[in-house]
Every structure is written in C-alpha cells, then in structure tokens.
Number of protein chains: 2
Amino acid sequence: MNDLFADLPPSATADEQFVELLARPGIRIERIVSTGHRSPPGFWYEQVSAEWVLLVQGEALLRFEDQPQALLLKAGSYVDIAPRRRHRVDWTSPGRTTIWLAVHYGTATDSD
Amino acid sequence: MNDLFADLPPSATADEQFVELLARPGIRIERIVSTGHRSPPGFWYEQVSAEWVLLVQGEALLRFEDQPQALLLKAGSYVDIAPRRRHRVDWTSPGRTTIWLAVHYGTATDSD
C-alpha cells in the first residue's frame, strides 16, 4: 500500500514533479505535481499513447489545440486525451499544490 | 471533461455503485462508491485481470487472503492487486461516502 500524498515536493520547487506509480506492459500510471507551473509558451504535448487524466487536488487550465476554450479542471475533473491530440497546461493555481493522476495506456506507453 | 464526484448516490443507497469511466482494449477504469458496504461473509474477489485501486475519499479495510492483517486505506492510499489474488472489503466507514478509483488492466479486462 502506498500514499498518493506522500513525499510531496515543497511548494517552491522550480520544476514539476513526475513520479511513476505503476509501470506494466500497455499501462503507466504517474503522479504529476504542479505548483503554478504551466507549459512553456508555444509548447504542446503530443503523445503517442492515450492518456486518461484525473485532477486530484488544485486547479488547472488544460488547453487543446483543436478547441478554442481551455478547460478549467478542479478536483475530480477527468479527461481522456487521445493519442497525438495536442494539448498544453495554460495555468495551474499558484501557491497551491496541484496533483494530477495520469494513466497512460495503449501500445506505446514507454516512449512518450 | 467529466467530474468524478458527479451523480453520487444518496448515502442510504442499498448497493455499492459501479460506474465505468473508461473502457478501452486492455484497460477499464471505474468509480466505485461504497457507504458502509463490505463484501458478504466468506466472499472473495478473484479477478482475472490486474487492478490498481486508489481510495479517493473515505476509509476502507481491504483484506487479502494471503495476508493476516487487513490494510486500512484512507484518501490517497493506492494498491496494485495482482490477477487472481483473492481479496475482500472488510469494512468501509458507515455514514460516509467512500469513493474508489479502480483501474483494471491486462489482457482480460472485459471478463471480470
């Protein structure tokens, strides 16, 4: 048994933190911790595997390139992101610890 | 975008509630809501697929047949349950809504 809230980074940490919780053929589960982080300007994630993401704590703005309006995610919000669908994090609430649970699945989970 | 906390059953609901959040080849994600539910006496889950489970809210006692001590799960506790590993829920906190996120994965996710 493990704890999703264990070893959270101090809120002033410069980088987002990625911790792998499970890695099996075809699936990879990770915890992502952001504190006011956003994707760099002009940067888009474009992953070869699909990703199901749940916001566990905090708030975030998730933007898809093919959608004019960013999504405001709160605790409990979840989104399924298709492979190759370009997306970025426009904003996470500053001064709060935002925790994501990301489930990468499909055939190519090791390579993104 | 969807909400994990949407459409929670009233706390007096007789049965546990299972809602499928994602179903893809090799993976199935579901929300399980318990309010004081426990597995029937002598009942053991024995699933053909693996299951990664996160307790999102509430408290539960999870027992494995091969382990003398039950695990007390709280919000944030997660456990990876191997295929065929017999387990049961001894207790969930009565009067509270306990929410599980269950990720079934492996080759046989449709049949358990």
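Details of the structure are given in the entry above.
Residues numbered from 1 in each chain as written. Chains lettered and ligands numbered in written order. Predicted model: local features only at pLDDT ≥ 70, side-chain atom pairs only at ≥ 80, totals over all residues. Heavy atoms only, no water.

**Student:** Looking at this structure, how should I read the relation of the copies chain B and chain A?
**Tutor:** Copy one and copy two of the chain differ by a rotation about an axis and a translation along that axis. Superposing chain B onto chain A takes a rotation of 180° plus a shift of 0.0 Å along the axis, which leaves an RMSD of 0.0 Å. On the angle and the small slide along the axis, the relation comes out as a two-fold axis. Of the C-alpha atoms belonging to chain B, the one lying closest to the rotation axis is found on Gly-26 of chain B, 3.8 Å away. A shared interface surface links the copies, since 100% of the contact residues of chain B are contact residues in chain A too. (Least-squares fit on C-alpha atoms with pLDDT ≥ 70 in both. Contact = heavy atoms within 4.5 Å.)

**Student:** Hey, could you run me through the environment of Pro-10 of chain B in this one?
**Tutor:** For Pro-10 of chain B, the position within the fold is in the loop between strand S1 (2–3) and strand S2 (17–24). For Pro-10 of chain B and Ile-29 of chain B, which are 19 residues apart along the polypeptide, the C-alpha to C-alpha distance reads 22 Å. (Helix = DSSP H or I, 4+ residues; strand = E, 2+ residues; numbered from the N terminus.)

**Student:** Honestly, the packing of aromatic side chains in this entry has me stumped. Any pointers?
**Tutor:** Both the distance between ring centres and the angle between the ring planes are used here to describe each pair of aromatic rings. Tallied over the full model, the rule gives four aromatic pairs over all chains. Measuring from ring centre to ring centre gives 5.2 Å for Trp-52 of chain A and Tyr-78 of chain A, while their planes differ by 35°; the resulting arrangement is tilted. With Trp-52 of chain A in strand S4 (residues 50–57) and Tyr-78 of chain A in strand S7 (residues 77–81), this residue pair connects regions lying 26 residues apart in the sequence. One Lys or Arg, Arg-85 of chain A, reaches over the ring of Phe-64 of chain A and ends 3.7 Å from the middle of that ring. Lying over the aromatic face of Trp-44 of chain B, Arg-88 of chain B brings its terminal NZ or CZ to 5.9 Å of the ring centre. (Phe/Tyr/Trp six-rings, centres within 6.5 Å; stacked < 30°, edge-to-face > 60°. Lys NZ or Arg CZ within 6 Å of the ring centre and 35° of its normal.)

**Student:** Before we go on, may I ask you to explain the side chain of Ser-34 of chain B in this structure?
**Tutor:** Residue and element names in this part refer to chain B. With respect to the secondary-structure elements, Ser-34 resides in strand S3 (residues 27–34). Given a relative accessible area of 0%, Ser-34 falls into the buried group. Within the local environment of Ser-34, its side chain forms a polar contact with the side chain of Trp-100, the two groups lying 2.9 Å apart. (Buried < 20%, exposed > 50% of the residue type's maximum accessible area, 1.4 Å probe, protein only. Polar contact = N/O pair within 3.5 Å; in protein donor to acceptor, adjacent residues only side chain to side chain.)

**Student:** Mind showing me how you'd approach the environment of Glu-59 of chain B here?
**Tutor:** Checked against the element boundaries, Glu-59 of chain B lands in strand S5 (residues 59–64). Distance from Glu-59 of chain B to Leu-72 of chain B, taken between C-alpha atoms, is 7.1 Å for residues 13 residues apart in sequence.

**Student:** Help me understand the pairing of S4 of chain A, please; the structure alone is not making it clear to me.
**Tutor:** Looking down a regular strand, the side chains alternate between one sheet face and the other. All names here are of chain A. Where burial is concerned, most of S4 is hidden: six out of the eight residues are buried. In this sheet, strand S9 (residues 98–105) lies alongside S4 in antiparallel orientation, the contact comprising seven bridges. In the strand pairing of S9, Leu-55 is matched with Trp-100. Pairing of S4 with S7, which is carried by four bridges, proceeds in the antiparallel orientation. Bridging from a neighbouring strand, Val-53 pairs with Val-79 of S7. (Pairing = 2+ DSSP bridges.)

**Student:** What is the right way to read the interface of chain B and chain A from this model?
**Tutor:** By a widespread convention, an interface's size corresponds to the accessible area lost as its parts come together. Between chain B and chain A, the contact holds 24 residues from the first and 24 residues from the second. Summed over both partners, the interface of chain B with chain A buries about 2,100 Å², with 74% contributed by carbon and sulfur atoms. Of all residues in chain B, the largest losses of buried area upon contact with chain A belong to Met-1, Trp-52 and Tyr-78 of chain B, amounting jointly to 30% of the total for that side. At the junction of chain B with chain A, the criterion picks out two salt bridges. Its salt-bridge partner being Arg-24 of chain B, residue Asp-80 of chain A comes within 2.9 Å of it at the nearest N-O pair. The tally of links between chain B and chain A comes to six residue pairs in polar contact (both at pLDDT 80 or more). Among the elements of the structure, S1, S2, S3, strand S4 (50–57), strand S6 (71–74), strand S7 (77–81) and strand S9 (98–105) of chain B are those that each provide at least two residues to the side of chain B that touches chain A. Here the residues of the side of chain B that touches chain A are counted per class, giving 18 nonpolar, three polar and three charged. Two elements, strand S1 (residues 2–3) of chain A and S7 of chain B, share two bridges in a ladder whose sense is antiparallel. (Buried area = accessible area lost by both parts, 1.4 Å probe. Salt bridge = Lys/Arg side-chain N within 4 Å of Asp/Glu carboxyl O. Nonpolar A, V, L, I, M, F, W, Y, C, P; charged D, E, K, R; others polar.)

**Student:** What should I look at first to understand the sheet that holds S9 of chain B in this one?
**Tutor:** For sheets, the rule is that strands pair by backbone hydrogen bonds, running either parallel or antiparallel. Reading across from one edge, S1(A)-S7(B)-S4(B)-S9(B)-S3(B)-S2(B) is the order of the six strands in this open sheet, with antiparallel pairing throughout. The outermost strands of the open sheet, each flanked by one partner alone, are S1 of chain A together with S2 of chain B.

**Student:** It is not clear to me how the sheet that holds S1 of chain B should be interpreted in this structure. Could you clarify?
**Tutor:** Strand order in the open sheet made by the six strands is S2(A)-S3(A)-S9(A)-S4(A)-S7(A)-S1(B), with antiparallel pairing throughout. Each edge of the open sheet carries a strand with a single partner, namely strand S2 (17–24) of chain A together with S1 of chain B.

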